[in-house]
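Commentary on secondary and tertiary structure
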Amino acid sequence: MLYLFLLGRDPELSRLEVESVLEREKITFRICDEGKNVLIIDCNELKPEIIKEFGGIIKIAKVISNSGRFDQIEDNLEKANLYNGQNNKIEYYIDSFNTNLCSFVEDYLKNYFKGIGIKALYKKTNDPSKLVNKNILNKGINIIIFRNYIGNVVAISNPLEFKKRDLSRPEVDYMKVISIRLAKILVNLTKVKNGGILLDPFCGSGTILQEALLNKINVIGIDGDEKSIKQAEKNLNWLVKEYSLNSKFQLIKHDSRKLSEKIKENSIDGVATEPYMGPYIRKLPTLEGAKMLINELSGLYTSLLNELRKVVKVGCRVVIIIPKIRTRENKIVFLDFKAIAEKNSFILAFKPVPYGYKENKILREIYILEKI
Ligand SMILES: C[S@@+](CC[C@H](N)C(=O)[O-])C[C@H]1O[C@@H](n2cnc3c(N)ncnc32)[C@H](O)[C@@H]1O
């Protein structure tokens, strides 16, 4: 069966997330085709609820046609039996990417709805929260066309769920915190299965831990700051209650440069973290200032990996955000994180993936390491 995945704002990251989640769930799959923000996957039937596992996927559609010939497309659309709902007044949406088939499909749908006696309104808005609010998958249809692939959307990621977890948690410090979606992606990239143990050695108020707990993973968070540990405790207690979770969490106030004092050797299945990246920068630093900061961070990350090496299992993934700093002289200063990783028995599982906006003062790259 072919599925079309519509990828989020950082498509490279979303693509790795899809691979990691399908591998973790032991779903045999093959990537058959891809575009800038679309992946075509061949695999056995997927449950639509799988969308809840992802942080970086917007929609999943079942491919109902993959032909460039109009007679075959018409046949395929006919067979797909697109609308089974009860309403006789509905809305339908078409998302299109790199295709010439749009107006053909639009005309087909117009006639199709007329033929089955349904008053259907073609709408252009494509805001996922509006589509979820309108319950469009039951009360209408959403088609995605990419090249010759025509997909019928079976699942839409619910932005309101992410918003709820972001806004309803008791403690949040927006100067420090990473987005819920990114936290979820990082957890998924570790490939830790439910029942496993994930560590965040710079846990802050616990965003990454929270997304891991929701995946039924047991978590350990370390932070050197007492206040952050207290905030994380409040947030995780709230989450466990709100979502009736059984997984366990442990929070430790400690310096991550000495984390093996607190964590058992060879006990961790995965690490996901956004480490300390230096003080908040209002103005771009000078080249000299940026070099000093990168030097300091190099020391911190070297100690961290040297400690992680002791506590993680062989094959364990460490997913970590590493900064690059833009300077007033318009230079970019960065550290040789690959060399630090390799000195500490880790290899890069993939090329680092840039994350966020190119014009940010601090540029971020996501490294996925594996312990050898
Ligand atoms: C960028 S924040 C992490 C935020 C977290 N991802 C969240 O969403 O809440 C980095 C954290 O690292 C902690 N930290 C800095 N140096 C540390 C060290 N040597 N050991 C442990 N924690 C440290 C800081 O207290 C801060 O909470």
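Before going into details, it helps to say that this report is about the structure given with it. (Residues numbered from 1 in each chain as written. Predicted model: local features only at pLDDT ≥ 70, side-chain atom pairs only at ≥ 80, totals over all residues. Heavy atoms only, no water.)

Moving on to the overall build of the protein. Helix and strand counts for the protein come out as 11 helices and 17 strands. The C-alpha atoms of the protein give a radius of gyration of 23 Å, which matches the 21 Å a tight globule of 372 residues would have. The principal-axis extent of the C-alpha atoms belonging to the protein is close to 70 × 50 × 40 Å. Looking at the protein as a whole, 50% of its 372 residues are labelled buried. Restricting the contact set of the protein to residue pairs at least 6 apart, pairs at least 24 apart contribute 75%. Side chains of the protein carry 60 positive and 46 negative charges; the gap between the two charge centres is 2 Å. (Helix = DSSP H or I, 4+ residues; strand = E, 2+ residues; numbered from the N terminus. Rg over C-alpha atoms; globule rule 2.2 N^0.38 Å. Buried < 20%, exposed > 50% of the residue type's maximum accessible area, 1.4 Å probe, protein only. Contact = heavy atoms within 4.5 Å. Lys, Arg positive; Asp, Glu negative; His and termini not counted. Charge placed at Lys NZ, Arg CZ, Asp CG, Glu CD.)

Attention now goes to helix α8 (residues 207-214). Counting buried positions over the eight residues of α8 gives eight, a clear majority of the element. Taken as a whole, α8 has its buried residues at Thr207, Ile208, Leu209, Gln210, Glu211, Ala212, Leu213 and Leu214. Phi for Lys216, located one or two positions after α8, is positive at around 60°.

This part covers the environment of Ile94. Here Ile94 shows up in strand β5 (residues 89-97). Separated by 104 residues in sequence, Ile94 and Leu198 place their C-alpha atoms 40 Å apart. Those residues in contact with Ile94 that lie beyond four places of it in its chain are Cys102, Val105, Glu106, Leu109, Tyr122, Lys123, Asn142, Ile143 and Ile145.

Residues Leu186, Leu198, Leu199, Ile263, Leu308, Phe337 and Ile366 are the most contacted members of the largest nonpolar core, which totals 67 residues. Broken down by element, the residue count for this core peaks at 10 residues, all from helix α10 (residues 287-311). (Core = buried A, V, L, I, M, F, W, Y, C linked by side-chain atoms within 4.5 Å.)

A few words now on the layout of surface pockets. What the largest pocket holds in volume is close to 1,400 Å³. Taken together, 44 residues make up the lining of the largest pocket; nearest its centre are Met175, Lys176, Glu274, Pro275 and Arg364. Contributing elements (two or more residues each) for the lining of the largest pocket: α7 (180-190), α8, α9 (226-242), α10 and β17 (362-371). Along the lines of polarity and charge, the residues of the lining of the largest pocket split into 19 nonpolar, 12 polar and 13 charged. In this model, the second largest pocket occupies a volume close to 950 Å³. Tallied by class, residues from the lining of the second largest pocket come to 18 nonpolar, seven polar and 12 charged. Two domains each provide a minimum of three residues to the lining of the second largest pocket, namely domain 1 (2-157) and domain 2 (161-371). (1 Å grid on protein atoms, 1.4 Å probe; cavity = no way out; pocket = protein on both sides within 12 Å on 5 of 7 lines; lining within 4 Å. Points joined across faces, edges and corners; volume = space filled by probe spheres on them. Nonpolar A, V, L, I, M, F, W, Y, C, P; charged D, E, K, R; others polar. Domains from an automatic or database assignment.)

The next thing to look at is unusual backbone geometry. You will see that Asn330, though not glycine, has its phi angle at about 65°, which is positive. Tracing the backbone shows Asn330 in the loop between β13 (312-326) and β14 (332-334). Of note in the backbone geometry, Ser345 takes a positive phi value of approximately 65° without being a glycine. Mapped onto the secondary structure, Ser345 falls in the loop between α11 (337-343) and β15 (346-348). By relative accessible area, which is 24% here, Ser345 ends up partly exposed.

As enumerated under the stated definition, the model contains zero disulfides in all. Considering cysteine sulfurs only, Cys32 is the nearest to Cys43, which forms no disulfide, with 9.1 Å between them. For the unlinked cysteine Cys316, the closest cysteine sulfur is that of Cys203, found at 17 Å. (Disulfide = S-S within 2.5 Å.)

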